[in-house]
Amino acid sequence: MPLTSSSGPLRVAVIGVGGVGAAHAHAFAAHPDVELVALADAVPGRRDAVAAELGVPRVLGDWREVLAADGVDAVSIALPNALHAPVTIAALEAGLHVLCEKPLATTVADARAMVDAARTAGRVLEVPFNHRKRGDVAFLERYLADPGIGEIYHVRASWRRRAGIAAAGWFRSRELAGGGALIDLGPHVLDLVLHLLGEPAVRTASAAVHGRLGTAGYGRSRSAAPVRDGHDVFDVEDLASAFLRLDGGVSVQFEISWAGHAADDEDISLEILGVDGGVRLFSRWYATEGTVEVFRDVGGVPAVIRPAVDGRGGDHHSVVRDFVAAIRSGAWAEHDGSLALRRTEVLDAVYRSATVGAEVEL
Ligand SMILES: NC(=O)c1ccc[n+]([C@@H]2O[C@H](COP(=O)([O-])OP(=O)(O)OC[C@H]3O[C@@H](n4cnc5c(N)ncnc54)[C@H](O)[C@@H]3O)[C@@H](O)[C@H]2O)c1
């Protein structure tokens, strides 16, 4: 049985050590209350390199080998999106706590099944919404609570790349990824909006998605020529634009793109408009300074205030720290993946609206 809050170090296995899984492995290895006991990846060179660097004793191939192994209390899943649901459900059924990368799942049905599995097993299911752990986001949380910006009525939220289609091929396959730019970058942007607004329900979505640049071979690289060989799968969207109506009348203009012949605004941009003021979060190219602006009238004239806040802290060390703390707290029912399920439901509504060409209800 998995350890409870009173026993020795938490024994963790990381499943998938590609781009972000390697970061998970490093963060778990650095945590004082964790023993990184195993890691698994389908690519031998990849798993061996991370294991050697971190001194991990057990190196496995397929994810099923991890679930069959003894002495594991929790797993961290950083696999292609379509594997999130089956691996998470199997891990929970094996009595393990789960940290599963975003998006929680590629369908709402799968996401619900994952939350149900967490509740039935009585184990933690968390998703790394790492951006909300940034210092500048924490500042905005405090500022919106006090002094606030008056009644909030509209939000502009985006993550727009000029040529940033994800490198690994599975990201461009609907079957393996469940979607494109929206399901990849959208969870983070949506999480910040809903988190900073106090988790209002989303009522409707009206959206369009396009995959024109990806299919034309554009958008793969910021420095190289378009890829036009036509052999690679690209059956997902590279741009999604949505209009959301939230409970209480707040509207959200939401745009996500991997590619576009436009300014390269890499990273999240958020503008929250209130009756008495506005705030903007914009960390262009992952900048960690100068990311927040506050707009309000000072002495009767419009002013822009640039608070000296630190935008760092949105890495996987914060995610791992909070995941371990959730397990140690014993309050596992509060960490059942339902927050991530709500994001999945909104993204699904955006896709549904784009498919039918009309506003849909959630
Ligand atoms: N939170 C974040 O900021 C963040 C950042 C990047 C990626 N992600 C998410 O993390 C996940 C992984 O993304 P990535 O960029 O690391 O992808 P990646 O392709 O670099 O890594 C995925 C790894 O899974 C391995 N794998 C595939 N099938 C396997 C199997 N059956 N058993 C064992 N290993 C298997 C692959 O060999 C690969 O190394 C995705 O869901 C992505 O959305 C999150």
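Everything numeric in this text was worked out from a predicted model, so none of it was measured.

1. Digging into helix H5 (residues 108–121)
- The end-to-end C-alpha separation of H5 is 20 Å, in line with the 20 Å expected for 14 residues at 1.5 Å each.
- Taken as a whole, H5 has its buried residues at Val108, Ala111, Met114, Val115, Ala117 and Ala118.
- Count one or two residues on from H5 and you reach Gly122, which has phi positive near 65°.

2. A word on the packing of aromatic side chains
- If you walk through the whole model with that rule in mind, you get three aromatic pairs.
- When the centroid spacing of 5.7 Å and the interplanar angle of 25° are considered together, the rings of Phe139 and Tyr143 count as stacked. Remark: Tyr143 and Phe139 occur in helix H6 (residues 135–145); sequence separation between them is four residues, near one turn of the helix.
- Ring geometry for Trp170 against Phe171: centres 3.8 Å apart, planes inclined by 25°, an arrangement best described as stacked.
- Note that Arg343 overlies the ring of Phe129, its terminal NZ or CZ placed 5.8 Å from the centroid.

3. What about the side chain of Asp73?
- Positionally, Asp73 belongs in the loop between helix H3 (63–68) and strand S4 (74–77).
- When its relative accessible area of 0% is taken as the criterion, Asp73 is described as buried.
- Engagement of the side chain of Asp73 in a polar contact is seen with the backbone nitrogen of Arg11, the distance being 2.7 Å.

4. Notes on the pattern of salt bridges
- Taken as a whole and assessed by the stated rule, the structure comprises 20 salt bridges.
- The residue Asp336 makes a salt bridge to Arg119 at a minimum N-O spacing of 2.8 Å. Of this pair, Asp336 sits in the loop between helix H10 (316–329) and helix H11 (338–356) while Arg119 sits in helix H5, placing them 217 residues apart in sequence.
- For Asp336, a relative accessible area of 7% puts it in the buried group.
- A salt bridge links Arg132 to Asp191; the shortest N-O distance between them is 2.7 Å. Residue Arg132 is located in the loop between strand S6 (125–126) and H6, and its partner Asp191 is located in helix H8 (residues 181–196); the two are separated by 59 residues in the primary sequence. Grouping residues by exposure puts Arg132 and Asp191 together as buried.

5. Things to note about the site of the ligand
- Close to the ligand lie 27 residues, the nearest being Asp41, Arg46, Asn81, Lys102 and Trp170.
- Note that an oxygen atom of the ligand is positioned 3.3 Å from one of the backbone N or O atoms of Leu79.
- In this structure, a nitrogen atom belonging to the ligand sits 3.1 Å away from a side-chain N or O atom of Asn130.
- Protein coverage of the free-state accessible area of the ligand, which is 840 Å², stands at 84%.
- Grouping the amino acids of the shell around the ligand by side-chain chemistry returns 13 nonpolar, nine polar and five charged.
- When residues are assigned to domains, the shell around the ligand turns out to be shared by domain 1 (10–127) and domain 2 (131–314), each giving three or more.

6. Observations regarding the pairing of strand S13 (residues 292–298)
- Where strand S12 (residues 278–282) meets S13, four bridges bridge the pair, whose relative direction is antiparallel. The partner of Arg280 across the bridge, within S13, is Glu293.
- Of the pairings in the sheet, the one linking S13 to strand S14 (residues 301–305) comprises five bridges and is antiparallel in character. Looking at the pairing, Asp297 lines up with Pro302 of S14.
- In textbook terms, the turn of a hairpin is the stretch between consecutive antiparallel strands, and for S13 and S14 this stretch comprises two residues, one of which, Gly299, has a positive phi near 60°.

7. Considerations on the nonpolar core
- Core analysis: the biggest nonpolar cluster contains 55 residues, and Val155, Leu244, Phe254 and Trp258 have the highest contact counts within it.
- No other element matches the 10 residues that H8 contributes to this core.
- Apart from the residues within four sequence positions on either side, Leu244 is in contact with Leu190, Val202, Thr204, Ala205, Val250, Ser251, Val252, Val346 and Val350.

8. Details of the domain arrangement of the protein chain
- Domain boundaries in the protein chain define domain 1 (10–127) and domain 2 (131–314).
- Using C-alpha coordinates to define each centre, domain 1 is positioned 27 Å away from domain 2.
- Counting each side, the surface lost to burial between domain 1 and domain 2 is near 640 Å², with a carbon and sulfur contribution of 64%.
- The three residues of domain 1 that bury the most area against domain 2 are Pro80, Asn81 and Lys102, which together make up 62% of that side's buried surface.
- Taken together, domain 1 and domain 2 are joined by one salt bridge.
- Notably, a salt bridge pairs Lys102 with Asp184, separated by 3.1 Å at the nearest N-O pair.
- Where domain 1 touches domain 2, the interface holds three residue pairs in polar contact (both at pLDDT 80 or more).
- Of the residues that constitute the side of domain 1 that touches domain 2, the class distribution is four nonpolar, two polar and one charged.

9. Quick look at the sheet that holds S4
- Read from one edge to the other, the open sheet built from six strands follows the order S3-S2-S1-S4-S5-S6, with strand pairing classed as parallel. Looking at which strands have only one partner, the edges of the open sheet turn out to be strand S3 (58–60) and S6.
- H10 rests against strand S1 (10–15), strand S2 (34–40), S4, strand S5 (97–100) and S6 of the sheet, and its axis sits at about 155° to S5.

About the cut-offs
- Residues numbered from 1 in each chain as written.
- Predicted model: local features only at pLDDT ≥ 70, side-chain atom pairs only at ≥ 80, totals over all residues.
- Heavy atoms only, no water.
- Helix = DSSP H or I, 4+ residues; strand = E, 2+ residues; numbered from the N terminus.
- Expected span 1.5 Å × (residues − 1).
- Buried < 20%, exposed > 50% of the residue type's maximum accessible area, 1.4 Å probe, protein only.
- Phe/Tyr/Trp six-rings, centres within 6.5 Å; stacked < 30°, edge-to-face > 60°.
- Lys NZ or Arg CZ within 6 Å of the ring centre and 35° of its normal.
- Polar contact = N/O pair within 3.5 Å; in protein donor to acceptor, adjacent residues only side chain to side chain.
- Salt bridge = Lys/Arg side-chain N within 4 Å of Asp/Glu carboxyl O.
- Near = heavy atom within 4 Å.
- Areas by Shrake-Rupley, 256 points an atom, 1.4 Å probe, with all protein chains shown as cover.
- Nonpolar A, V, L, I, M, F, W, Y, C, P; charged D, E, K, R; others polar.
- Domains from an automatic or database assignment.
- Pairing = 2+ DSSP bridges.
- Core = buried A, V, L, I, M, F, W, Y, C linked by side-chain atoms within 4.5 Å.
- Contact = heavy atoms within 4.5 Å.
- Buried area = accessible area lost by both parts, 1.4 Å probe.
- Axes fitted to C-alpha atoms, helices over the stretch in contact; angles between N-to-C directions.

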